[in-house]
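Residue-level structural notes
Chain residues, written in single-letter form:
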Amino acid sequence: MTSNVDLYNTSYGNYALETYSEIRRETYGEDYGQTSWVSTEESHEIPELLQLSSSSSALEIGCGSGGYAVDLAKRIGCRITGFEINAAGVKTATALAEKENVGDLVKFEQHDAAEKLPYEENSFDAIYSTDVFCHVPMRRQVLDNVRGLLRPGGRFLFTDALVIAGVVSNEEIATRSSVGMYFFSPPGVNEQLIEESGLKLLEARDTTESSARLSRRWHDAREKRKNALIEIEGRDNFLGIQRFLECVHTLTSERRLLRFLYTCAK
């Protein structure tokens, strides 16, 4: 039986350590504090897909350690509210915003995306969430919530890295789910839920290749720093994360588990 593995507390809690920064740069090319399958190319395209400008107000669902929201605020000058269920992520994100002198543009809060969000209706020009929705139950309710929070004409972007497209064993599902709570879905379900919520789907893009490439890079970058990571994380947790990343690579490279990026409008 696969044991639970601590990926997120380990990553967010050790955000400032150079070892983890090196791993992120080697995996993604740029360091936003990532723990996702968002390529650097996708990171650069998201503001265009969301039509962000310096006058925009945006919400990030699942901001992690806050690096991406801070970078958007610095590059574009937009106002961003980010929330995250993980307390270590919120603490790290808040400190990063102050360090980068964007505390007036970016704020971070601890919330659960599965619950009613404490924001006013029609209050955001854009909402985005990368590789978070696969953690959230009752996805239709979250989409309904998002639609209410968006201003008319606003954009919403999210990704789902757990679209099943082939035969997956119980052991593979257990390993893929070892770092948290996950919900797998068949092709077409996200599109159906988007339509039912009243949002308009603009694009559903297959980005599985990015997951396959990044999971291999992430695994190998960590393997090169094995001794240092074992000292920080413990041997069992290090090996568990490596098994997780190897499983992601196998399932995505064989296209048995797909990742999609969805762009929607209200």
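See the structure above.
Figured I'd write up the structure that's included with this text. (Residues numbered from 1 in each chain as written. Predicted model: local features only at pLDDT ≥ 70, side-chain atom pairs only at ≥ 80, totals over all residues. Heavy atoms only, no water.)

1. Focus: the environment of glutamate 109
Considering the arrangement of structural elements, one finds glutamate 109 in strand β3 (residues 106-110). The class for glutamate 109 is partly exposed, based on a relative accessible area of 22%. Along the backbone, glutamate 109 and valine 90 are 19 residues apart, and their C-alpha atoms lie at a distance of 6.2 Å. With sequence-adjacent residues up to four places away left out, glutamate 109 is seen in contact with Thr81, Gly82, Phe83, Glu84, Val90 and Tyr119. (Helix = DSSP H or I, 4+ residues; strand = E, 2+ residues; numbered from the N terminus. Buried < 20%, exposed > 50% of the residue type's maximum accessible area, 1.4 Å probe, protein only. Contact = heavy atoms within 4.5 Å.)

2. A closer look at the packing of helix α10 (residues 226-233) against helix α11 (residues 235-253)
For the pair α10 and α11, interaxial distance at closest approach is 7 Å and the crossing angle is 120 degrees. In this view, α10 runs oblique relative to α11, as classed from their interaxial angle. Viewed along their axes, α10 and α11 form a crossing whose handedness is right-handed. Two secondary-structure elements touch here, α10 through Lys226, Leu229, Ile230 and Glu233 and α11 through Arg235, Asn237, Phe238 and Ile241. Class assignment for the residues of the contact of α10 with α11 results in four nonpolar, one polar and three charged. (Axes fitted to C-alpha atoms, helices over the stretch in contact; angles between N-to-C directions. Parallel < 35°, antiparallel > 145°, perpendicular 65-115°, else oblique. Left-handed = near helix turned anticlockwise from the far one by under 90°. Nonpolar A, V, L, I, M, F, W, Y, C, P; charged D, E, K, R; others polar.)

3. A closer look at the pairing of β3
When a strand is regular, its side chains alternate between the sheet's two faces. Sheet topology note: the strand β2 (residues 79-84)/β3 ladder contains five bridges and is parallel. Bridge pairing links isoleucine 80 to valine 106 in β3. Considered for its hand, the β-α-β crossover made up of β2, helix α5 (residues 87-99) and β3 is right-handed. (Pairing = 2+ DSSP bridges. Right-handed = clockwise from strand over helix to strand, strands pointing away.)

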